[in-house]
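# Summary of the model geometry
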Amino acid sequence: MDPIGFSKHNHAHCISGNLAQIEAHCRAEGLQLTPVRRRVLEMLLHEHRALGAYDILDKLRAEGHGSQPPVAYRALDFLVSHGFAHKIERLNAFVACAHPGKAHDPAFLICRKCDGVAEAQTQPTRGQLGTSARIAGFQIERTVLEAEGVCPNCAESAAL
């Protein structure tokens, strides 16, 4: 799968497609996509950049959904625990999953200029990390791979 986030694409289709997939998954699994959870998901889907919990809380407050931090954190916990969003450790922020409902090991490409985030795929049990783990007798269960740099859009505008 190609990295999603920096390339030009039909963003409206990206949002509606992912939202439809997640709604169908929730129905099939008996999960409750409450209005607040859905709204937080929509916020994350709207941009291909990470949003902090307090940014989300400010937006929820402005829309009348509540003003206490647990409102945002509970919604984010639900979305992350079901694979609909990811936490970007480097930014202490969250981004919508580019491949909801698919088993994958994401890697995040983070633009240090615009905070844009693209989600790419990794195979942590292969390559050098997988080899090192096998030699050590270690079984990889989870990886978090985040690379920081400059996205194509920021690089292009810097070159102008």
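Our structure's up above, just so we're on the same page.
Right, let's get into the packing of helix α2 (residues 35–46) against helix α4 (residues 69–81). Two elements in contact, α2 and α4, have axes whose closest approach is 9 Å; the angle formed by their N-to-C orientations is 75°. Judged by the angle between their axes, α2 and α4 are roughly perpendicular. Contacts between α2 and α4 pair Val36, Arg37, Val40, Leu41 and Leu44 from the former with Val71, Ala75, Leu76, Phe78 and Leu79 from the latter. Its residues placed into classes, the contact of α2 with α4 shows 9 nonpolar, no polar and 1 charged.

This brings us to helix α3 (residues 53–62). Residues spaced three or four apart along an α-helix point in a common direction, a consequence of the helix completing one turn every 3.6 residues. For α3, the full list of buried residues reads Ala53, Ile56, Leu57 and Leu60. One side of α3 carries all its buried residues, which in axial view fall inside an arc of 100°. Against α2 and α4 lie the buried residues of α3. At the exit of α3 stands Gly64, carrying a positive phi of roughly 80°.

This paragraph deals with the side chain of His99. Positionally, His99 belongs in the loop between β2 (93–96) and β3 (105–111). Here Gln121 takes part through its side chain, which lies 3.3 Å from a polar atom of the side chain of His99.

What follows deals with the pairing of strand β1 (residues 85–88). Across 4 bridges, the pairing between β1 and β2 is antiparallel. Each bridged residue has a counterpart across the sheet, and for Lys87 the counterpart in β2 is Phe94. Following β1, the chain reverses through 4 residues before pairing antiparallel with β2; Asn92 in that reversal takes a positive phi of roughly 50°.

Before going further, it helps to spend a moment on the packing of aromatic side chains. Scanning the entire structure with this criterion turns up 2 aromatic pairs. Residues Tyr54 and Tyr73 carry aromatic rings whose centres are separated by 6.4 Å and whose planes lie at 80° to one another, so their mutual orientation is edge-to-face. With a gap of 19 residues between them, Tyr54 in helix α3 and Tyr73 in helix α4 connect regions that are remote in the sequence. The exposure class assigned to Tyr54 is partly exposed, which follows from its relative accessible area of 48%. Looking at Tyr73, the relative accessible area reads 35%, which means it is partly exposed. When the ring of Phe78 is compared with that of Phe84, the centres are 6.2 Å apart and the planes differ by 55°; the resulting orientation is tilted.

Glancing now at the packing of α3 against α4. Viewed as axis vectors pointing N to C, α3 and α4 meet at an angle of 115°, and their least axial separation amounts to 9 Å. With respect to each other, α3 and α4 are oriented roughly perpendicular. As for the relative orientation of α3 and α4, their crossing is right-handed in sense. Along the contact surface, α3 presents Ala53, Tyr54, Ile56, Leu57 and Leu60, while α4 presents Pro69, Val71, Ala72, Tyr73 and Leu76. Class assignment for the residues of the contact of α3 with α4 results in 10 nonpolar, no polar and no charged.

Definitions and cut-offs
- Residues numbered from 1 in each chain as written.
- Predicted model: local features only at pLDDT ≥ 70, side-chain atom pairs only at ≥ 80, totals over all residues.
- Heavy atoms only, no water.
- Axes fitted to C-alpha atoms, helices over the stretch in contact; angles between N-to-C directions.
- Helix = DSSP H or I, 4+ residues; strand = E, 2+ residues; numbered from the N terminus.
- Parallel < 35°, antiparallel > 145°, perpendicular 65-115°, else oblique.
- Contact = heavy atoms within 4.5 Å.
- Nonpolar A, V, L, I, M, F, W, Y, C, P; charged D, E, K, R; others polar.
- Buried < 20%, exposed > 50% of the residue type's maximum accessible area, 1.4 Å probe, protein only.
- Arc of directions from axis to C-beta.
- Polar contact = N/O pair within 3.5 Å; in protein donor to acceptor, adjacent residues only side chain to side chain.
- Pairing = 2+ DSSP bridges.
- Phe/Tyr/Trp six-rings, centres within 6.5 Å; stacked < 30°, edge-to-face > 60°.
- Left-handed = near helix turned anticlockwise from the far one by under 90°.

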